[in-house]
Structure formats: C-alpha cells, structure tokens
Amino acid sequence: MSIDTNPAILHRIEFQAASSNVIILNAEEATLAKLLLKELSGMETTISSALLLIQQFSKKKRRELRAERIALEADMDRVRSRIQRLTIAIAPHKKVPVQVLCRIFREVWCMAWTRSGDFNSFSPKSNYGPWNLRQICSRWRKAALFEPFWCCLALLPKTDVDRSRVRFWAQNIAQLSHPLSLNLQNIKGEEIVHDELILPYHEQISDLKINITGMFLGLPPNFFPSLKHLTVFLGRWLEQYDMFVQSACFSGMNSLRTLTIHVNAPYPITTVPSTIPWSQLTDLTLRPYFKQFTQTQYPVTTPFALTLLQRCPNLKRCKLILTMRAVDKSTTPIHHPTLQCLSLTEKLNAAPDAQQQQEMSLLAHLVAPSLVTLESKFLRRGYPVDLIGSFITRSGCVLRNLFIESDQRRVPFDLSTSFLDQLSSLRQLKAKCFRFSDGTIERIVNGDVLPNILSLSLAANGEASICLLTQLIERRSAQYIDPIPANLTSPVMCITVCVENSSTACPEEVLVGCLQRVKACQGFMKVKTSETTLATWDTYKG
C-alpha cells in the first residue's frame, strides 16, 4: 500500500493498543472532513458561549430575586409593625378614659399605702411608683405626672435621703392641691425632709408617719391643719415621748381622726399629751415600738389607757397593748357609746388572785353598748372567761365577732356553756386556746348555743368532736331554703379544729370522710394536728 505524504489528506489514528493505521482520503472526502471539523469547532464555541451567557443570566436573575425577596421581607416587617401598632392602639385599656385609668391606679396606690413594708415604698429609688408609670406610654405619663400619685411618698427606712430626688418629687406636687401622704419612718436625713417637704407643704399633709425629733419643738401651733392620720414612732425611750408631749404643732388639728403611737419606755408613761384633740379621734392605737418587745412590762398601763379613753368619747376603733395595773376603786366605768371594734392585749407580771386580776383588766372598767368586734389576748396568765362574759352582759352589746387568745398552749378546762349562752349574736368565734367538750359541741349542733355562728375556731378532743362539727355544717347547709349554687363565693360555714394526738383520737379514714361530707355541702373545714393539716381543698380528689 502506497503512502501519500500530503498532510492535507493524511490522518493518523492512534489506538489504545499502541497500533496505528493510516487512512488515505480522497480530495472530496478530505474536504468534507475539514468542513465537518470546522462546523464541530464552531458548535463547541457556540455551546460554550451559550453556557457562559446562561450562567451570567442565572447569576443576575438570582441577584434580582434575592433583592426582590429582601424588599418583600422588609415590606412584611413594616406591615407587621403597623399591625402591632394598630393592635396596641385599639387595645381595650386604650379605650379607658384617663380619669378612669387614674382612678384605678389611685385605688391600687391607696391599698399599697395602707400596708407597710419596703415593697410598698414610693421613694424615687424604688422600683414602684410614678417614676416607672411615666415610662409606659404618653397616656400613662400624663396620668403619672398630673394626677395625685405624686401625693404619696414613703422613703425607705434606714437609708440616706437624696436631696435632689426629694426636690424632684416636690417639684411635681408644687402645682397640685391634693392631700399629701408621707411615710418618713426611721429615715436618715431628717433635716432634708424637714426643709424640702414638711415646711413647704405642711398645709397639704393629711397622712403623716414620722419619728418625733427636736425639730418639731420649734413649729407653731396648728402647723398641720389638714392632718387626718398621724402615726408617731417614739423609740428613744422617753426622750421622744417627752418631745411629743411638748410639741405644739399638733394642737388645733380639727381634722385629725386617726392616731397611732408606737412608744418604747423602760417604765410606765403617765403624761397625756394635751395638744392632741382627743375628742375628735375615731381610731386610736397604742402599742410598743418593737414587735418583739423585750421589756418586762409595756409602757402603757391600765390607768393610763382609761385616762385616754375618757378623753376620746367618739372612738369607733381602738387597739391597746398594755400592762395590767391596779385601778383606783373610786373609778367609775367609762361609757363609750360609739366604740365598735376593740383589740386588747393585756399582760400581767405578778400573780394575784382571780378577783384582783379582773379589777386590773380594762374590760372591768369599760361599757361599750355598740361593740361589734372584740379581740382579747391575755399574756402570762390564765384566761378570765368570766371577765369577758360580765363585760358583754354589762355593756348589752350585740357582739358579732369574738377573738380570744392566750399565750398558754391550752387552757386546762373546757369552755363553759354558761359563757356561750351570752354569745347568741356571734357570727364568728376564734377560741383555739379553749377545748370544747363533746357535750358543748352537741349543744352548738342542736342550736342551743351560738345559733348564728358562721365561723368557728376551737380545740377539740378527737373523732366524736369532728363528726359532730361535720353534722353542724350539714345542718347549716340544710337551712338554706333554695338550693346552694355550685359557684358559691363563700362557704356555708367555716370551722377550724385543733386536735391533739390525732393518730389515736381520730383515724385518717374518718377524718377524710368528714372532710368529703363538708365539701359536698359547700362548707369548709380545716383540721390541724400535731403531725399534719387537712382541709376540704386537699382531700381525696376522686
């Protein structure tokens, strides 16, 4: 085979087997081959260009789609934000008028003001008060700045007073004519409070809680013409009490209605402040300065308390914590026609006979025909039940609530039915320090004594007493003419029983059964034992 060396028509084909063949093409075939190769090369170039264009287009399209998606997401965020603003704008509390909103806030503030403690402190450093209200929204800010929330201020006890903050508070009340309530107990910086608050706004103060210091001695009479509620803390033995007696600034307060005195003294006080308008008081409280008073006697005694009661003929509520002392036999009983609530805690250091005990008690020298509530607690001696009975009989009052307590864990005798016979008008009796016999409880169940009782707290013997008390609640439930509604807001009757040695005196199955019966008739019972406490809310849920 001849080989044509013309490169135009000579093609070498190499195989993987390492052999080669030479194919001779004629001129026509070579021309066709060249044309075919040229077209294939052009197609490859076209395909490469097309692929490149497609890639560029796809990148551009992705960028456009990404930008469009970002724009749509931004539009969605703006729409969501607008919907949220519109939702807040049409919220129910937004429709409440500012006056109603202020009234709601003011009621909450008043409830907090009546309670004591750091939690209810309205100081500028506190987390509670108009300083935070004004940061909620414009309507709340208006209510906080232009309504009488600024008229209540309580500085934290035993903390330094910041003059700038007190001045800031004073600037907000400068244009207000509302009465002011100041709680300035045990603060550090009496001079700042005296200069920034008491002197400029003494005519607006209606509620004042303060420690008496020497600064009050220089104030003129009738310095607090609008004062209605006064609470003084006299904790430096008799030094502050003498300052309180000598202060003329509390004289002429025709608007004063409530007086609370916390006094601490090593021996009894005898001087009655003559500047206080005692005849106008409706609420009086005398108690030691500290809750855990460590002295052997309280500074207020029976003769001193009687002297004060003689000067307060219009009292409605009175709370006294005193030491029992002998009273002059020529003293006539004090008649209080308006007294409705009396809370009395009496302590006896010595141990005289029963007759002398009764003569030392305040109840032996008091007549209160309008009395509704009596709280009586005797410390360090037996409870004189006969004294309570004679006081109720002598006063002829329609007593509704009676709370009697003794520091002794249990009185060694049962509460006599003769005493209960004098309490036919009682609705609530709390006498956990007395043990009620089964016979006495049976008389209550039959309605012979305490026919109107609705709440009862007592000590009982065991199983028989609990079963009788369960019958009492069932009978009271049956007295309803109409069926008792299932959603009754208050129980038909409430009973709290203290049982000793419950493991042997009252089996658990009997106790649980009684509680289920009480729960079925819309009553309430709580049984306290030395081991556990069960009530109608935590009995078997099935």
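Because the structure is a prediction, the values reported are computed rather than measured.

Novice: Go over the overall build of the protein, please, and point to the residues and values.
Specialist: Across its full length, the protein holds 15 helices and 19 strands. Of all 542 residues assigned to the protein, the portion counted as buried reaches 44%. Restricting the contact set of the protein to residue pairs at least 6 apart, pairs at least 24 apart contribute 71%. Total accessible area computed for the protein in this model is approximately 29,500 Å², and 54% of it derives from carbon and sulfur atoms.

Novice: Any chance you could break down helix H10 (residues 385-395) for me, citing the residues and the numbers?
Specialist: Spacing of three or four residues puts side chains on the same side of an α-helix, whose turn is 3.6 residues. Looking only at H10, the buried set comprises Val385, Leu387, Ile388, Gly389, Phe391, Ile392 and Ser395. The first or second residue beyond H10 is glycine 396, which carries a positive phi of 65°.

Novice: So what's going on with the environment of phenylalanine 419? Residues and values would help.
Specialist: Here phenylalanine 419 lies in helix H11 (residues 417-420). Residue phenylalanine 419 is classed as buried on the basis of its relative accessible area, which comes to 3%. Taking the C-alpha atoms as reference points, phenylalanine 419 and glycine 389, 30 residues apart in sequence, are found 6.0 Å from one another. Contacts of phenylalanine 419, omitting those with residues within four sequence positions, involve Val385, Ile388, Gly389 and Leu402.

Novice: Can you explain the confidence of the model for the protein? Please cite residues and give values.
Specialist: Taken residue by residue, the protein gives an average pLDDT of 77. The fraction at 70 or more is 77%. Note on residues 1-20: pLDDT under 50 across the span, and 23 contacts to partners over four residues away in sequence or across chains. Ignoring residues within four places in sequence, the model shows residues 111-128, a span with pLDDT below 50, making 40 contacts including any to other chains.

Novice: Would you mind going over the pattern of salt bridges in detail, with residue names and values included?
Specialist: Counting across every chain of the model gives 6 salt bridges. A salt bridge links arginine 78 to aspartate 75, with the shortest nitrogen-to-oxygen separation between them at 1.9 Å. Here the residue arginine 78 and the residue aspartate 75 both occupy positions in helix H1 (residues 27-89), the gap between them amounting to 3 residues, near one helical turn. Overall, the relative accessible area of 51% leaves arginine 78 in the exposed class.

Novice: Give me the lowdown on the packing of helix H12 (residues 438-446) against helix H13 (residues 463-478), citing residues and values where you can.
Specialist: Relative orientation of the contacting elements H12 and H13 amounts to 10°, with a least axis distance of 9 Å. Overall, the two elements H12 and H13 adopt an arrangement that is roughly parallel. Across the interface between the two elements, Asp438, Ile441, Glu442, Ile444, Val445 and Asn446 of H12 pack against Ala464, Ser465, Leu468, Leu469, Gln471, Leu472, Arg475 and Arg476 of H13. Split by residue class, the contact of H12 with H13 holds 7 nonpolar, 3 polar and 4 charged.

Novice: Tell me what's going on with the packing of aromatic side chains, and back it up with residues and numbers.
Specialist: Here the structure, examined in full by the defined rule, presents 4 aromatic pairs. Ring geometry for phenylalanine 216 versus phenylalanine 250: centroids 6.0 Å apart, planes at 20°, classification stacked. Remark: phenylalanine 250 occurs in the loop between helix H7 (239-246) and strand S7 (258-263) and phenylalanine 216 occurs in the loop between strand S5 (205-211) and strand S6 (229-234); sequence separation between them is 34 residues. Aromatic side chains phenylalanine 223 and phenylalanine 224 sit 5.1 Å apart centroid to centroid with 90° between the ring planes, which places their arrangement in the edge-to-face category.

Scoring rules and cut-offs
- Residues numbered from 1 in each chain as written.
- Predicted model: local features only at pLDDT ≥ 70, side-chain atom pairs only at ≥ 80, totals over all residues.
- Heavy atoms only, no water.
- Helix = DSSP H or I, 4+ residues; strand = E, 2+ residues; numbered from the N terminus.
- Buried < 20%, exposed > 50% of the residue type's maximum accessible area, 1.4 Å probe, protein only.
- Contact = heavy atoms within 4.5 Å.
- Areas by Shrake-Rupley, 256 points an atom, 1.4 Å probe, with all protein chains shown as cover.
- pLDDT = per-residue confidence, 0-100.
- Salt bridge = Lys/Arg side-chain N within 4 Å of Asp/Glu carboxyl O.
- Axes fitted to C-alpha atoms, helices over the stretch in contact; angles between N-to-C directions.
- Parallel < 35°, antiparallel > 145°, perpendicular 65-115°, else oblique.
- Nonpolar A, V, L, I, M, F, W, Y, C, P; charged D, E, K, R; others polar.
- Phe/Tyr/Trp six-rings, centres within 6.5 Å; stacked < 30°, edge-to-face > 60°.

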